[in-house]
Number of protein chains: 2
Amino acid sequence: MITLTEENYIKAIFHLGKQGSETVNTNALAEAMSTKASSATDMIKKLAEKNYANYKKYQGVSLTEDGKRVAVNIIRKHRLWEVFLVEKLNFTWDQVHDVAEQLEHIKSQKLIDELDAFLGFPTHDPHGDPIPDKSGKFIHIEKLSLASAKVGIVYMCVGVNDSSVDFLKYLDNNAISLGTRMEIVHKEPFDHSIKIRLNGRELMVSQTVGKNLFLKEV
Amino acid sequence: MITLTEENYIKAIFHLGKQGSETVNTNALAEAMSTKASSATDMIKKLAEKNYANYKKYQGVSLTEDGKRVAVNIIRKHRLWEVFLVEKLNFTWDQVHDVAEQLEHIKSQKLIDELDAFLGFPTHDPHGDPIPDKSGKFIHIEKLSLASAKVGIVYMCVGVNDSSVDFLKYLDNNAISLGTRMEIVHKEPFDHSIKIRLNGRELMVSQTVGKNLFLKEV
DNA sequence: ATATATTTTTAGACTTATCTAAATATATAT
DNA sequence: ATATATATTTAGATAAGTCTAAAAATATAT
Ligand SMILES: [Mn+2]
Ligand SMILES: [Mn+2]
Ligand SMILES: [Mn+2]
Ligand SMILES: [Mn+2]
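What you see is a predicted model; the values in this text were computed from it and never measured. (Residues numbered from 1 in each chain as written. Chains lettered and ligands numbered in written order. Predicted model: local features only at pLDDT ≥ 70, side-chain atom pairs only at ≥ 80, totals over all residues. Heavy atoms only, no water.)

### Remarks on the relation of the copies chain B and chain A
At step 1: After a rotation of 180° and a shift along the axis of 0.0 Å, chain B superposes on chain A with an RMSD of 0.1 Å. Such values leave the two copies arranged in the relation of a two-fold axis. Across chain B, the rotation axis passes nearest the C-alpha of B:Leu103, at a separation of 3.8 Å.
At step 2: Most of the interface of chain B is mirrored in chain A, where 100% of its interface residues again form contacts. (Least-squares fit on C-alpha atoms with pLDDT ≥ 70 in both. Contact = heavy atoms within 4.5 Å.)

### Looking at the confidence of the model for chain A
At step 1: Mean pLDDT over chain A works out to 96, with 100% of the residues at or above the 70 mark.
At step 2: Mean pLDDT across the elements of chain A ranges from a minimum in strand E7 (residues 201-205) of chain A, with 95, to a maximum in helix H6 (residues 109-118) of chain A, with 98. (pLDDT = per-residue confidence, 0-100. Helix = DSSP H or I, 4+ residues; strand = E, 2+ residues; numbered from the N terminus.)

### Points about the protein's contact with DNA strand D
At step 1: Every one of the 21 residues lining DNA strand D counts as a neighbour, but A:Lys45, A:Tyr55, A:Lys57, B:Thr35 and B:Lys46 are closest to it.
At step 2: For DNA strand D, the backbone makes up 77% of the atoms found within 4 Å of the protein, where backbone means sugar plus phosphate.
At step 3: For DNA strand D, a phosphate oxygen lies 2.7 Å from a polar atom in the side chain of B:Thr3.
At step 4: Here a phosphate oxygen of DNA strand D sits 2.6 Å away from a polar atom, N or O, in the side chain of B:Lys36.
At step 5: Counting residues per element, the ones that place at least two in the surface near DNA strand D are helix H2 (26-32) and helix H3 (37-49) of chain A together with helix H1 (4-16) and helix H3 (37-49) of chain B.
At step 6: In terms of residue count, the dominant contributor to the surface near DNA strand D is H3(B) (five residues). (Near = heavy atom within 4 Å. Polar contact = N/O pair within 3.5 Å; in protein donor to acceptor, adjacent residues only side chain to side chain.)

### So, the interface of chain B and chain A
At step 1: Residue-level contacts link 20 residues of chain B with 20 residues of chain A.
At step 2: Between chain B and chain A, roughly 1700 Å² of surface is buried when both sides are summed, and carbon and sulfur atoms account for 74% of that area.
At step 3: Per-residue buried area on chain B facing chain A is highest for B:Leu89, B:Gln102 and B:Lys110; these three make up 28% of the total on that side.
At step 4: Taken together, the connections running from chain B to chain A amount to zero salt bridges.
At step 5: Here chain B is connected to chain A by six residue pairs in polar contact (both at pLDDT 80 or more).
At step 6: Taken together, the residues of the side of chain B that touches chain A break down into 11 nonpolar, five polar and four charged. (Buried area = accessible area lost by both parts, 1.4 Å probe. Salt bridge = Lys/Arg side-chain N within 4 Å of Asp/Glu carboxyl O. Nonpolar A, V, L, I, M, F, W, Y, C, P; charged D, E, K, R; others polar.)

### As for the domain arrangement of chain A
All names here are of chain A.
At step 1: When the domains of chain A are assigned, the result is domain 1 (4-63), domain 2 (74-130) and domain 3 (144-217).
At step 2: Here domain 1 and domain 2 have C-alpha centroids that lie 25 Å from each other.
At step 3: Domain 1 puts six residues into the contact, and the matching count from domain 2 is seven residues.
At step 4: The interface formed by domain 1 and domain 2 contains three salt bridges.
At step 5: Among the salt bridges present, the one from Lys107 reaches Glu7, with a minimum N-O distance of 3.1 Å.
At step 6: The interface formed by domain 1 and domain 2 contains five residue pairs in polar contact (both at pLDDT 80 or more).
At step 7: Split by residue class, the side of domain 1 that touches domain 2 holds two nonpolar, two polar and two charged. (Domains from an automatic or database assignment.)

### Some details on the protein's contact with DNA strand C
At step 1: Among the 21 residues in the neighbourhood of DNA strand C, the closest are listed as A:Thr35, A:Lys46, B:Lys45, B:Tyr55 and B:Lys57.
At step 2: Put simply, 78% of the atoms of DNA strand C that lie within 4 Å of the protein are in sugar or phosphate.
At step 3: One of the side-chain N or O atoms of A:Thr35 is found 2.3 Å from a phosphate oxygen in DNA strand C.
At step 4: At the level of secondary structure, the elements contributing two or more residues to the surface near DNA strand C comprise helix H1 (4-16) and H3 of chain A together with helix H2 (26-32) and H3 of chain B.
At step 5: Per-element tally for the surface near DNA strand C: the top contributor is H3(A), with five residues.

### Things to note about the coordination of the manganese ion (ligand 4)
Residues and elements named next belong to chain B.
At step 1: The coordination sphere of the manganese ion (ligand 4) contains the protein donors Glu82 (OE), Asp125 (OD) and His127 (ND1), at a distance range of 2.1 to 2.4 Å.
At step 2: One chain supplies every donor for the manganese ion (ligand 4), spaced along it as E-x42-D-x1-H.
At step 3: Between the manganese ion (ligand 4) and the manganese ion (ligand 3), both coordinated by Glu82, there is a metal-metal distance of 3.5 Å. Placement of the pair is Glu82 in helix H4 (residues 65-89) and Asp125 in the loop between helix H6 (109-118) and strand E3 (144-145), with a sequence separation of 43 residues.
At step 4: Taking relative accessible area as the criterion, Asp125 reaches 4% and is therefore assigned buried. (Donors = N, O, S within 2.8 Å, 3.2 Å for Na, K, Ca; no water. Buried < 20%, exposed > 50% of the residue type's maximum accessible area, 1.4 Å probe, protein only.)

Structure follows, in structure tokens:
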């Protein structure tokens, strides 16, 4: 039996440590969990005790195979629910995350299998993030950030790095969504801002935007 | 802020005390919550403190208007999710309750409003229980138990009193579901068993079944 | 009316997850 | 190499929800 809190820590270790294999610092984990380092230490010990995490004092934490399995399953549930909310319940992509944070902890194998089928076995969530299949495999599409895109080439938007409400609304306000095509017009060396052309009009975006928007060549 | 545990106690008080207005014994509440009377006492105090419950020592507990609002909202969510699971995700009526027990605690007004609309504003759950509308109103249809039905009259099954897996599977095995029509053929005075006719065939059911199946005249 | 049984509450302990403050280990700078 | 800074762990408290055992109140029986 695994608690909701344990699940959330495991998920955080997975995300911080590149799929849970790299070692994660106690402070980084505490920061991600909006808690104190002492609390993180307590939980790390508990996860190690339960064989979800590898831990040596002062040496950071990583996930065991069991821990990774748990993490992937929660991520799968989270992203499937996000698809459901957008596709079936008229949520926008900036409204789904908080609800999915709750829904991802519902325990029922049949529920998630049926939801997957009901949605037509989606491979990506509303933010372009891949949805692991039942066996835990991610479909990885190669993508690059707008910041590293090349002038003169046409790309399609395939994801976001930052899924914050503010960023997603910024994209909405500028009519950028998954599938939107854009050409890189100019990259300003001074402040790394980027001029792009989409749907005829030109738009200037900051380096921050550039780093948080994922593209692929079309 | 209200915890999951508080919500479950409030729901139990509501169900035990006929919509929360009648007074509920500490022992009955503990029994319903599968816990000890001392724990129930602690929670009753807490609910009274938060103005969800009326409580005088040794005199039992009932819900305040606030408490009733909370209870009705949870019941609304529970039953809407049950409809979703049956209508959209191929769950059978004996599979939905445990999952709905989890889903009913998800907090998002938009989620429940949109789910309601997505399902076509259903008025009853898969067990025939009424779903309160957004304002908390129940549509009450008059129904009677099979045990109190009259010989020679034709009825339609509209609900169950006992939603246990065993009872629901018993009904499945005997091809009885919501909407099934049946005529009362004979009521046995000795053990109160009942002979009914449905779809041409005759079936003998016990008094227990009679008390747990709800009908209305057609 | 008094004794007995039942119900309910209280007292004190335990678990999980959190916190603050202090101690200890590791990393960095001179 | 030693001092200083940073990161991590430990110690001790707190709050929520639970438990057992004992005390107190209420209900029932003779
Ligand atoms: Mn999300
Ligand atoms: Mn997402
Ligand atoms: Mn139910
Ligand atoms: Mn139901």
